[in-house]
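Each chain, letter by letter, is given below.
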Amino acid sequence: MNLELLDASELRYREWYRRLPEIWSEPVEDWNELAARCQRAGLRDLPSQALSSMGTVLTEEEFFGDSCREAVCFNNLRYCPPFLHRLEFIKIVYCFRGHVTIYLNDARYELSSGNFCIVTPGVRHTVFSCHDEDIIINLLMRASTFSQAFSGILMLSLIHI
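Everything in this summary refers to the structure shown in the same document. Quick caveat, the model's predicted, so the values are computed rather than measured. (Residues numbered from 1 in each chain as written. Predicted model: local features only at pLDDT ≥ 70, side-chain atom pairs only at ≥ 80, totals over all residues. Heavy atoms only, no water.)

Once that is clear, we can look at the environment of Val57. Looking at the element boundaries, Val57 is found in strand 1 (residues 57-58). Distance in space between the C-alpha atoms of Val57 and Leu84 is 9.2 Å, their sequence separation being 27 residues. (Helix = DSSP H or I, 4+ residues; strand = E, 2+ residues; numbered from the N terminus.)

This is the structure in structure tokens:
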């Protein structure tokens, strides 16, 4: 499988991004804010809704439901507008290849290949990558699972400080 292939949403987002990259330079609250920015800049062919779902608060129920799954892993959409949101679970963002910009609360961070970031519940954030070769992996984990899996390691770290 070629990981560099962009899906249909990524191709469309890339088209809009390449026409007006400055629109994507700052995070947005929602699709309406992005559409308004695009309208002001003369880009008028955006649909009425985002091509990918994005809520302002993402819950464990949405991603894990009643299943026994403790974690979910998937590629972050390249070129997807940087929608700000909060989580009720843990997200580990791993930059497998390329670069990614992560906004945490009001701070901006740049990660490159091999870097990762742990986003805790309640932190307002977004993740944005804008190159075909970027491979950004999102690992979503129930907060309880993260706590159980890493509590021993975290306690050892605190003891050695």
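Don't stop here, the text continues.
The next point concerns a negative patch on the surface. On the surface, Glu61, Glu62, Asp66 and Glu88 cluster together into a negatively charged patch. When you line up the elements, Asp66 lands in the loop between helix 3 (60-64) and strand 2 (71-75). (Patch = residues over 30% accessible without salt bridge, like charges linked within 9 Å, V, L, I, M, F, W, Y side chains within 5 Å. Areas by Shrake-Rupley, 256 points an atom, 1.4 Å probe, with all protein chains shown as cover. Salt bridge = Lys/Arg side-chain N within 4 Å of Asp/Glu carboxyl O. Lys, Arg positive; Asp, Glu negative; His and termini not counted. Charge placed at Lys NZ, Arg CZ, Asp CG, Glu CD.)

The description of an aromatic ring pair uses the distance of the two centres, along with the angle that the planes make with each other. Scanning all chains against the criterion turns up 8 aromatic pairs. Centre to centre, the rings of Trp16 and Trp31 are 6.1 Å apart; their planes meet at 55 degrees, and the pair counts as tilted. Taken as a pair, Trp16 in helix 1 (residues 8-19) and Trp31 in helix 2 (residues 31-41) lie far apart in primary sequence, 15 residues in all. Note on accessibility: Trp16 and Trp31 belong to one class, buried. Summarising the aromatic geometry, the rings of Tyr17 and Phe128 are spaced 5.8 Å apart at their centres and angled 55 degrees between planes, so their arrangement reads as tilted. Separated by 111 residues along the polypeptide, Tyr17 in helix 1 and Phe128 in strand 8 (residues 125-128) bring together distant segments of the chain. For Tyr17, a relative accessible area of 16% corresponds to the buried category. Given a relative accessible area of 8%, Phe128 falls into the buried group. (Phe/Tyr/Trp six-rings, centres within 6.5 Å; stacked < 30°, edge-to-face > 60°. Buried < 20%, exposed > 50% of the residue type's maximum accessible area, 1.4 Å probe, protein only.)

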